[in-house]
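Each chain is listed here by its residues.
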Amino acid sequence: PDPVFRWTSWSRKDERGSLHCPDSWQGVSSDRFGRRLRPVGYQRTQVLDPEQNHSFTDHYLNVAFDLSQVLFIATANTTATIPPALLDRMEVLQVPGYTQEEKLEIAHRHLIPNQLEQHGLTPQQLHIPQDTTQDVISRYTREAGVRSLERKFGAICRAVAVKVAEGNRVPETSSSGQEPQQEDKAAPPEMPIVIDHVALKDILGPPLFDMEVSERLTLPGVALGLAWTPLGGEIMFVEASRMEGEGQLTLTGQLGDVMKESAHLAISWLRANAKTYQLTNMVGGPDPMEGTDIHLHFPAGAVTKDGPSAGVTIVTCLASLFSGRLVRSDVAMTGEITLRGLVLPVGGIKDKVLAAHRAGVKRVILPKRNEKDLEELPANVRADLDFVMTGNLDEVLNASFDGGFPGKSSVRSHPQLSSKL
């Protein structure tokens, strides 16, 4: 708004205890050309600093204002571009995006009734089943909120409103006073008009996004991981192949530095424990990398991927490749790994588990220290899935393969020690 109007409103005594909600503060450090805008972030730091904002002076009017009683609630899509000094004076509240189940409820409670009212329709004229709504959510929109979803329902309502208007046309009479022939009349549509999958495709066109589903893993060297994005959770296939070479590791799929490090960690841990887990190279040698090149690929190569949570998936994928055994096709996993073979907790558990549930996965392998996050899941999701909480990679491998995986628990048995005292 006009700075004169804004400062004038704050200068009045009855406005000093007001609430102001600025939007999109993630771009305060640079302009659209990437140039740094230090004065903007500096001024906002002064506005929020309780040590300075009681006598803030704006450069536009050069008049001091008392902002100590003004509450600011700002929004931002990311905190990465907010200057550290400004971020230090804020209390950050992380608000996750809606899950698909939450979007489904929002659509039928709020979005669809609102669009029906705006387009002059009633529930007796238009009915959108929950299966159709689920299709719109998963195949025609991909967002953290529901703005695009509401626009899609608006397009459906407009198409139906046209059909209803055509069916209710008043027949025009000719100059002779005779009504047109019966075949010229538009037959009114049957009410309510139900939007099924065929009608949805006619109105909105072909689906914009394909939903990843769990496929049967028919070759060794493939495992199913779980990833988190700002738009929700997704399942992620990890593929590995080997060929004769010089022990090199090739990584593809537009991976970040952290994910590349996870791949090298997985290779080192498997080589160190190759004898224990009976892993061999292409000619049966004890070192899986001797005379062998490994290619590790993450599909959807146009999408940047990073983070430590793919560690357990990479280990399982490579263990499957080196042992020649298939990973269970109904298992998905997430977790960070260490060089000692420990499984560390990761974030985004709720979104990841919901993605696994939508994809038809039956067993989800999670870090043991993420068990507290299961309380956030809906009861029906917890009942449908088998959760395996793991603290080390030996437990991960045993849960990923049918019949377990040959490891320390099955190869070595430590004798029971008793005290002689």
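Treat the numbers as computed from the prediction; the structure is a model and nothing was measured.

(A) Spotlight on the layout of surface pockets. Looking at the second largest pocket, its volume works out to about 1000 Å³. Together, 43 residues line the second largest pocket, and A227, T229, G232, G233 and E234 are the ones closest to its centre. Residue assignment for the lining of the second largest pocket shows that the elements contributing at least two residues are α4 (100-118), α5 (130-140), β7 (222-229), β8 (232-244) and α10 (349-358). With 6 residues, β8 is the single largest residue contributor to the lining of the second largest pocket. Across the lining of the second largest pocket, the residue classes break down as 20 nonpolar, 12 polar and 11 charged.

(B) Highlighting the nonpolar core. Of all hydrophobic cores here, the largest spans 63 residues; its most connected members are L296, F298, L318, F322, V353, V364 and F387. Broken down by element, the residue count for this core peaks at 8 residues, all from helix α9 (residues 311-323). In contact with V353, not counting residues within four places along its chain, are V364, L366, L377, V381, L385 and F387. If you look at the next biggest cluster of nonpolar residues, it comprises 24 residues, including I106, I112, V146 and L200.

(C) Main features of the UniProt feature "active site" (unreviewed entry) in the chain. Per the UniProt annotation, the sites labelled "active site" (unreviewed entry) are S309 and K352. Maximum C-alpha separation among the annotated residues is 10.8 Å over a sequence range of 44 residues, consistent with a single clustered spot. Those annotated residues from the list above that line the second largest pocket are S309 and K352. Among the structural elements, S309 can be located in the loop between β10 (292-297) and α9. Given a relative accessible area of 15%, S309 falls into the buried group. For S309, the residues in contact, after removing those within four places along its chain, are L226, T334, G335, E336, V346 and K352. The residue K352 is located in helix α10 in this model. Owing to a relative accessible area of 2%, K352 belongs among the buried residues under this scheme.

(D) Focus on the pattern of salt bridges. By the definition in use, this model includes 7 salt bridges. Here R328 ties to D330 by a salt bridge, and the two come within 3.0 Å at their closest N and O atoms. Here R328 falls in the buried class, since its relative accessible area comes to 19%. Looking at D330, the relative accessible area reads 22%, which means it is partly exposed. Notably, a salt bridge pairs D386 with R363, separated by 3.1 Å at the nearest N-O pair. Taken together, the positions of D386 in strand β15 (residues 386-390) and R363 in strand β14 (residues 363-367) put the pair 23 residues apart, joining distant regions of the chain. When its relative accessible area of 35% is taken as the criterion, D386 is described as partly exposed.

What counts, and where the lines are drawn
- Along each chain, the written sequence defines residue order, and numbers are assigned to residues from 1.
- The predicted origin of the model limits local features to residues at a pLDDT of at least 70 and limits the giving and counting of side-chain atom pairs to 80 or more, whereas totals for whole chains, interfaces and linings rest on all residues.
- Values shown for side chains rest on all heavy atoms present in the structure; no hydrogens or waters enter the calculation.
- Think of a 1 Å grid over just the protein atoms. A cavity is a set of points where a 1.4 Å probe fits yet cannot get out, a pocket is an open set with protein on both sides within 12 Å along at least five of seven lines, and lining residues have an atom within 4 Å of a point.
- Grid points are joined across faces, edges and corners, and a volume is the space filled by probe spheres set on the points.
- The secondary structure listing takes helices from DSSP runs of H or I that are at least 4 residues long and strands from runs of E that are at least 2 residues long, numbered from the N terminus.
- Residue polarity is assigned by list, with Asp, Glu, Lys and Arg as charged and Ala, Val, Leu, Ile, Met, Phe, Trp, Tyr, Cys and Pro as nonpolar; anything else, Gly included, falls into the polar class.
- Definition used in this section: a nonpolar core is a set of buried Ala, Val, Leu, Ile, Met, Phe, Trp, Tyr and Cys residues joined via side-chain atoms within 4.5 Å.
- Residue exposure (1.4 Å probe, protein chains only): buried if accessible area is under 20% of the type maximum, exposed if over 50%, otherwise partly exposed.
- The contact criterion used throughout is that any non-hydrogen atoms of two residues lie within 4.5 Å.
- UniProt positions are given in the numbering used here, feature names are shortened, and annotations may be inferred rather than shown by experiment.
- By salt bridge we mean one thing: a side-chain nitrogen of Lys or Arg within 4 Å of a carboxyl oxygen of Asp or Glu.

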